[in-house]
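Residue-level structural notes
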Amino acid sequence: MQSERMYAALKGLGKEARLVMLPYEAHGYRARKSLLHVLWEQEQWLDKYLLTDEAPVSDAQANTEPSLTE
């Protein structure tokens, strides 16, 4: 019930929100299908809010530390 109220409050404020309620699950997820769905939901959120359109950083660039003289 609290999740539904939070969702309604966010939507009422005009915020983007998504409420996912999985059947036959309570506070924890036990079914393999439910766990996989939760992981999929998390991946979708991460892709939407954390990925950028910038070019990917190569391994060589990621492993180099900036020099202190620059």
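Here the structure is a predicted model, which is why all the values come from computation and not from measurement.

Remarks on the overall build of the protein
When its secondary structure is counted, the protein shows three helices and zero strands. In sequence order, the secondary structure elements of the protein are arranged as α-α-α. When the 70 residues of the protein are sorted by exposure, 7% land in the buried category. With an accessible surface of roughly 7,100 Å², the protein has 56% of that area assigned to carbon and sulfur atoms.

Digging into the confidence of the model for the protein
Per-residue confidence for the protein averages 81 on the pLDDT scale, and 73% of its residues sit at or above 70. Ranking the elements of the protein by mean pLDDT puts helix α3 (residues 59–62) last with 54 and helix α1 (residues 2–12) first with 94. Residue range residues 65–70 is modelled with pLDDT below 50. Its contacts to residues more than four positions away, or to other chains, number zero contacts.

Points about the side chain of E41
By the element assignment, E41 lies in helix α2 (residues 32–50). Within the structure, E41 has its side chain in polar contact with the side chain of R18 (distance 2.9 Å). With residues near it in sequence (within four places) discarded, E41 still touches R18 and V20.

Comments concerning the layout of surface pockets
One water molecule sets the probe size; rolling that probe over the atoms shows where empty space is left. In this structure, the largest pocket spans a volume of roughly 870 Å³. Forming the walls of the largest pocket are 26 residues, and the residues nearest its centre are R18, L19, V20, M21 and Y29. Elements with a contribution of two residues or more to the lining of the largest pocket: α1 and α2. Per-element accounting of the lining of the largest pocket gives the leading share, eight residues, to α2. Of the residues that constitute the lining of the largest pocket, the class distribution is 14 nonpolar, six polar and six charged.

Rules of the game
Residues numbered from 1 in each chain as written. Predicted model: local features only at pLDDT ≥ 70, side-chain atom pairs only at ≥ 80, totals over all residues. Heavy atoms only, no water. Helix = DSSP H or I, 4+ residues; strand = E, 2+ residues; numbered from the N terminus. Buried < 20%, exposed > 50% of the residue type's maximum accessible area, 1.4 Å probe, protein only. Areas by Shrake-Rupley, 256 points an atom, 1.4 Å probe, with all protein chains shown as cover. pLDDT = per-residue confidence, 0-100. Contact = heavy atoms within 4.5 Å. Polar contact = N/O pair within 3.5 Å; in protein donor to acceptor, adjacent residues only side chain to side chain. 1 Å grid on protein atoms, 1.4 Å probe; cavity = no way out; pocket = protein on both sides within 12 Å on 5 of 7 lines; lining within 4 Å. Points joined across faces, edges and corners; volume = space filled by probe spheres on them. Nonpolar A, V, L, I, M, F, W, Y, C, P; charged D, E, K, R; others polar.

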